[in-house]
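What the coordinates show
If you want the building blocks of each chain, they are given just below.
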Amino acid sequence: MLTKRQNLKEVMTGGNPDRFVNQYEFLEIIMEMPLGVEFRYGETWKDQWGITWQWPEGQLGQFPVHDDEHIVIKDITKWREQVTVPPIPMDAASWAAAKEHADRIDRNEMYVAPFYAPGIFEQCHHLMGIENALMALYEEPEAMKDLIDAIVERELDFAKAVVEHVKPDAMFHHDDWGSQINSFLSPEMFEEFYLPAYKKVYSYYKENGVELIVHHSDSFAANLVPFMIDMGIDIWQGVMNTNDIPKLIKEYGGKITFMGGLHSGQIDFPEWTPEIAAEFVEETCKTNGKHYFIPCLTSGLPMSSFEGVYDAVTKEIDRMSKELF
Amino acid sequence: MSKVAEIQEMVAKGKTKLIAGLVQEALDGGSQPKEILDAMIESMGVVGDKFSAGEIFVPEMLIAAKAMSKGVDVLKPLLAGDASTSLGTCVIGTVAGDLHDIGKNLVSMMLESAGFTMIDLGVDVPANKFVEVAKENNAVIVAASGLLTTTMPALKETSLALKDAGFTVIVGGAPVTQAYATEIKADGYAPDAGSAVTKAKELVK
């Protein structure tokens, strides 16, 4: 039996995997990052950037508050006066918990993958509201590029620290780039604003020992895949069925691997049942096959919103491995 | 190219800084406010269709809507009291518990561009608030959205309360389907902002 890492390699290279890579099994995600990212159920709070967040009780996640009173960037041309970029702590004490977690992991079996969120696009719209961010790309492109540069510089500081303290062999990086049916930006606009930014960040990781870039975007982004490959993404996690995954595998398999196909909204919801999970897992495994594909819920962490769903999906993927390998 | 045709093109291209001046030039040249407004509405119809077809993306739609809004600002004083320029009042919001507003905001802008008078209640709106504001403003249609599976019960409650009060309801959001819209007795469902305009206009005919 192949190790988790060996099996992943076989899937990614079109070799001879002996089973499906089962969701996040190959990634040990290190959440103890000194990023200032918080998940505070049922609360309202302000983060290091000054962004106000709300997570209503009974709901699936948090959301930035973008009314006139709370929005951080009120005028993109004055963003330097309105935003204080929070520094990344570089000292060993701030990284001790992440390092300790990473040191416990058998890297022959698992990839040590620090968690990074939000991504460059999301950070822009968290600061100013998505409509303002998207219109600013047209109306004030130079100011947007300056803001993006500042976000990239902060992430490069983070990259330097994470390489020094954790020595990751993978990165698990979030940035949602679209809705379920299309990317937010045209490919041309994405290429102009966000491709260069991501190239800087991901190439730094690659040049400093990070073997795998796993990027989460649970959206449509089929039209951005060539850019994903160009910027160095190895695995696109969160790929939804609306992307026509078999077509993507045929076109780009070998250059990038697609991880998803199991829409969390259809499986991980209040009235879920093991039968629903089984049906979707069987369909996705049979449709997308054994190479360049990892069956996984589209959610951006190895967990589910409703108790038992993640485990039920894992169990069904094991069943499909037995049936199809 | 006539000035009105130029306005149409500049709306579609989202030339937000040029529109006010062009509308004023058209007025000075003798064009009627209603004629200019109709031209801009037509232009936004094309923008909505292109968005639904995936030919343009969210930023293009947003700046087109913003451009139109700048043009309407110039026309407003001249159109005041002219009932023929409005398709009626539409109350819009995301349902209780849901903070996701990009879809709602896009739909609101597109409906406004199509000629509805919009009252945007924002996010996390209880069902009784929708009903209260719709009554106060004699709304011809109420649009409600929810992005999370956990807020689908709130969407149902909102739709049923509005139907009980006699309003026409249109719903949308990522987990919403035509089947669900029918189940919760909504009059219409739209998968995206462009289609929402077509559906809303059809429902208020």
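Per an unreviewed UniProt entry, the recorded name for chain B is Corrinoid protein, and the organism is Alkalibacter rhizosphaerae. For chain B, the Sequence similarities (unreviewed entry) comment in UniProt is given as "Belongs to the methylamine corrinoid protein family."

The name given to chain A in an unreviewed UniProt entry is Uroporphyrinogen decarboxylase, with the source organism recorded as Alkalibacter rhizosphaerae.

Overview of the overall build of chain B
The helix and strand tally for chain B stands at nine helices and five strands. When the helices and strands of chain B are read in sequence order from the N terminus, they spell out α-α-α-α-β-α-β-α-β-α-β-α-β-α. In summary, chain B has a C-alpha radius of gyration of 17 Å against a globular reference of 17 Å for 205 residues, a match within 12%. In terms of principal-axis extent, the alpha carbons of chain B reach across some 55 × 35 × 25 Å. Expressed as a percentage of its 205 residues, the buried residues of chain B come to 52%. Contacts in chain B between residues at least 24 apart in sequence constitute 72% of all its contacts with a sequence separation of at least 6. Of the accessible surface of chain B, which amounts to about 8700 Å², a share of 53% is contributed by carbon and sulfur atoms. Positive and negative side-chain charges of chain B, numbering 18 and 25 respectively, have mean locations separated by a distance of 1 Å.

What about the UniProt feature "domain: Uroporphyrinogen decarboxylase (URO-D)" (unreviewed entry) in chain A?
Those places that UniProt annotates as "domain: Uroporphyrinogen decarboxylase (URO-D)" (unreviewed entry) correspond, in this numbering, to residues 124-303 of chain A. Structurally, residues 124-303 of chain A is divided into 52% helix and 14% strand, and its ends, taken at the C-alpha atoms, are 27 Å apart.

Some remarks on the UniProt feature "domain: B12-binding" (unreviewed entry) in chain B
UniProt's feature table lists "domain: B12-binding" (unreviewed entry) at residues 87-205 of chain B, given in the numbering used throughout. Spanning residues 87-205 of chain B, this segment combines 45% helix with 18% strand, and its end C-alpha atoms are found 9 Å apart.

Quick look at the interface of chain B and chain A
Contacts between the two partners involve 24 residues from chain B and, on the opposite side, 27 residues from chain A. Across the interface of chain B and chain A, roughly 2200 Å² is buried in total on both sides, 67% from carbon and sulfur atoms. Salt-bridge contacts for Lys66(B) lead to Glu139(A); the nearest nitrogen and oxygen are separated by 3.0 Å. Between chain B and chain A we count six residue pairs in polar contact (both at pLDDT 80 or more) in total. Broken down by secondary-structure element, the contributors of at least two residues to the side of chain B that touches chain A are α4 (58-79) and α5 (102-114) of chain B. It is α4(B) that provides the largest number of residues to the side of chain B that touches chain A, a total of six residues. When its residues are assigned to classes, the side of chain B that touches chain A shows 11 nonpolar, eight polar and five charged.

Re empty space enclosed by the protein
Scanning the entire structure with this criterion turns up two cavities of 30 Å³ or more. Approximately 50 Å³ is the volume found for the largest cavity. Every residue along the wall of the largest cavity is listed here: Trp49(A), Tyr116(A), Ala117(A), Pro118(A), Gly119(A), Ile120(A), Gln123(A), Ile151(A), Arg154(A) and Glu155(A). Going through the elements one at a time, α4 (120-128) and α6 (141-165) of chain A are the ones with two or more residues in the lining of the largest cavity. Residues that form the lining of the largest cavity fall into these classes: six nonpolar, two polar and two charged. Here the second largest cavity defines a volume of roughly 40 Å³. Pro56(A), Gln59(A), Gly61(A), Gln62(A), Phe63(A), Gly97(B), Leu99(B), His100(B) and Leu148(B) together form the lining of the second largest cavity. Residues that form the lining of the second largest cavity fall into these classes: four nonpolar, five polar and no charged.

Examining the pattern of salt bridges
Close approach of charged atoms lets side chains of opposite charge pair. Residue and element names in this part refer to chain A. Counted according to the given criterion, the structure contains 29 salt bridges over all chains. Across the salt bridge formed by Arg-319 and Glu-323, the nearest N and O atoms sit 3.7 Å from each other. Pair noted here: Arg-319 and Glu-323 are both in helix α13 (residues 309-324), with a separation of four residues, about one helical turn. Judged by its relative accessible area of 32%, Arg-319 is partly exposed. Overall, Glu-323 belongs to the partly exposed group, its relative accessible area being 44%. The structure contains a network of salt bridges with shared partners spanning Arg-5, Lys-9, Arg-107, Asp-169 and Glu-211.

Rules behind the numbers
Residues numbered from 1 in each chain as written. Chains lettered and ligands numbered in written order. Predicted model: local features only at pLDDT ≥ 70, side-chain atom pairs only at ≥ 80, totals over all residues. Heavy atoms only, no water. UniProt positions renumbered as here; feature names shortened; annotations may be inferred. Helix = DSSP H or I, 4+ residues; strand = E, 2+ residues; numbered from the N terminus. Rg over C-alpha atoms; globule rule 2.2 N^0.38 Å. Buried < 20%, exposed > 50% of the residue type's maximum accessible area, 1.4 Å probe, protein only. Contact = heavy atoms within 4.5 Å. Areas by Shrake-Rupley, 256 points an atom, 1.4 Å probe, with all protein chains shown as cover. Lys, Arg positive; Asp, Glu negative; His and termini not counted. Charge placed at Lys NZ, Arg CZ, Asp CG, Glu CD. Buried area = accessible area lost by both parts, 1.4 Å probe. Salt bridge = Lys/Arg side-chain N within 4 Å of Asp/Glu carboxyl O. Polar contact = N/O pair within 3.5 Å; in protein donor to acceptor, adjacent residues only side chain to side chain. Nonpolar A, V, L, I, M, F, W, Y, C, P; charged D, E, K, R; others polar. 1 Å grid on protein atoms, 1.4 Å probe; cavity = no way out; pocket = protein on both sides within 12 Å on 5 of 7 lines; lining within 4 Å. Points joined across faces, edges and corners; volume = space filled by probe spheres on them.

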